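Results of the structural survey
Chain by chain, the residues run as shown.
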There are 2 protein chains.
Amino acid sequence: MDTALALEVSAQNLLFREAHTANTFTDEPVSDEQIEAVYDLVKLAPTAFNQSPLRITLVRSPEARERLVGHLAEGNRAKTRTAPLTAILSVDLDFHERLPELFPVMPGLKDSVFAEVETREQAGTLNAALQAGYFILGVRAAGLAAGPMTGYDADGVNKEFFGDGKQKAIMVVNIGRPGQDAYRPRGPRLSARDAVTTL
Amino acid sequence: MDTALALEVSAQNLLFREAHTANTFTDEPVSDEQIEAVYDLVKLAPTAFNQSPLRITLVRSPEARERLVGHLAEGNRAKTRTAPLTAILSVDLDFHERLPELFPVMPGLKDSVFAEVETREQAGTLNAALQAGYFILGVRAAGLAAGPMTGYDADGVNKEFFGDGKQKAIMVVNIGRPGQDAYRPRGPRLSARDAVTTL
């Protein structure tokens, strides 16, 4: 099966086959430089009109961590307190402000297609989620484990961290080296027969 | 910069640095087996509660292709007519039906958290977009170029291909080997300084 792919088997393993969502972490720190290397790789993957709406808030200080933990679902609290680093992934609802620079071939986009915040929220959330997928694989590309979570009070997180209303959280991701008993058994996946249809 | 990452530089190049959105393609066919190999790799990456809401419709026959092209934005038509293969990525709004099998540790999810279609559409669209990110990188892992597009009449595509209302398109992706003048110059990306904040 691997032979149908151009990507080295070692890279397939690092990114997909041997990587798992981690629920415990060692205390080895994750540096801002490591995250910058991840970002500088995954920022190259595409978004519509190069809108690049994903923003990453690294919750590093104990104070900031505690502000976040209070808004998480009960089952996500202990692991988020002990992860070396936690990132809030959010969509910038004002991403259109950067479009003249990011997509100069259509200079009018900012004030036409993306003039309305409802349009920006819909397109931005989809494209930020696409970038979240790139980011999770980028964390794995750095030899780290990601623990993405959507179990949190979204309004609470948004008010706590994005009080001006210009960003909305789409996901929270713990990042670090996997600790003891870090992984749950991998669940079954849908087969191609179930998920792929040819017309 | 590369040295901060565990992933081989050759794999970084294949997936991110040397890969580009393609706008023209050669006529070399893309087989269902190639797409199955892509799917079998990227299906392993995580979704919330393993909900796996992404569905892939491969538009292969000339008749199906023409049904799709009519709903695309003008600028997306010619390249979609000539791409060896086009995939409609969609969210299955009934993904909860498979949850007892996909996430057996919480057997009640199907009829509690995900009982309402509005909840499924919101969570499913976010997680399908996450999987779309994995899929685009998976196409590149197969040595192919992806040409993702969101410029189409969503209601038209949904009625044409998902008339029962159980799926909604989130993206259309042309797939093949890049042809002549396939790439536009890569646009600038936001620097880590602009996109990443540390608290």
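Shown above is the structure to which this text applies.
Description of the structure in this document. Residue numbers run consecutively from 1 along every chain, following the written order of its sequence. For naming, the first written chain is A and the first written ligand is 1, with later ones following in the order written. It should be noted that, the model being predicted, local features are given only for residues of pLDDT at least 70 and side-chain atom pairs only at 80 or more, the latter also being counted only at that level, while totals for whole chains, interfaces and linings use all residues. To obtain the side-chain values, all non-hydrogen atoms of the structure were used and water was disregarded.

Topic: the sheet that holds strand β5 (residues 196-198) of chain B
Judged by pairing direction, the sheet is mixed, and its 5 strands sit side by side in the order β3(A)-β4(A)-β2(A)-β1(A)-β5(B) without closing on themselves. Taken across any chain shown, the strands that pair with only one partner, and hence form the sheet edges, are β3 (145-149) of chain A together with β5 of chain B. Direction aside, the axes of adjacent strands within the sheet are offset by 25 degrees on average. Both strand β1 (residues 54-59) of chain A and strand β2 (residues 85-92) of chain A contribute to a ladder of 6 bridges, which runs antiparallel. The partner of Arg55 of chain A across the bridge, within β2 of chain A, is Ser90 of chain A. Strands in contact with helix α3 (residues 62-69) of chain A are β1, β2 and β4 (167-176) of chain A; relative to β2 of chain A, the strand with the most contacts, it is inclined by about 65 degrees. We treat two strands as partners when DSSP finds at least two bridges between them. In this description a helix means any DSSP run of H or I spanning at least four residues, a strand means any run of E spanning at least two, and both kinds are numbered starting from the N terminus. For helices, the fitted line uses only the C-alpha atoms of the stretch in contact; every axis is such a line through C-alpha atoms, and the angle between N-to-C directions lies from 0 to 180 degrees. Only heavy atoms matter for contacts: two residues are in contact if any of them lie within 4.5 Å across the pair.

Some remarks on unusual backbone geometry
Positive phi, normally seen in glycine, also occurs at Asn50 of chain A, with a value near 55 degrees. Relative accessible area decides the class of each residue, using a 1.4 Å probe on protein chains only: under 20% of the type maximum gives buried, over 50% gives exposed, and in between gives partly exposed. Overall, Asn50 of chain A belongs to the buried group, its relative accessible area being 7%. With phi around 55 degrees, Phe49 of chain B is a residue other than glycine that occupies positive phi space. Mapped onto the elements of the fold, Phe49 of chain B is located in the loop between α2 (32-42) and β1 (54-59).

Remarks on the packing of aromatic side chains
Residues and elements named next belong to chain A. Centre distance within 6.5 Å is the pairing criterion for rings of Phe, Tyr and Trp, where only the six-membered ring of Trp is used; planes under 30 degrees apart are then read as stacked, over 60 as edge-to-face, and the remainder as tilted. All chains considered together, the criterion is met by 6 aromatic pairs over all chains. Relative to Phe114, the ring of Phe49 has its centre 5.9 Å away and its plane inclined at 80 degrees; by these criteria the two rings are edge-to-face. Here the residue Phe49 occupies a position in the loop between α2 (32-42) and β1, and Phe114 occupies one in the loop between α5 (99-102) and α6 (117-141), the gap between them amounting to 65 residues. We classify Phe114 as buried; its relative accessible area is 3%. Taken together, a centroid distance of 5.2 Å and an interplanar angle of 70 degrees make the contact between Phe95 and Phe114 edge-to-face. On the criterion of sequence distance, the pair formed by Phe95 in the loop between β2 and α5 and Phe114 in the loop between α5 and α6 is long-range, its members being 19 residues apart. Both residues of the pair, Phe95 and Phe114, belong to the buried class. Taken together, the ring pairs connect Phe49, Phe95, Phe103 and Phe114 into an aromatic cluster. Only when the NZ atom of a Lys or the CZ atom of an Arg is both within 6 Å of the ring centre and within 35 degrees of the ring normal do we say a charge sits over the ring. Directly above the aromatic system of Phe161 lies the positively charged group of Arg67, at a separation of 4.6 Å from the ring centroid.

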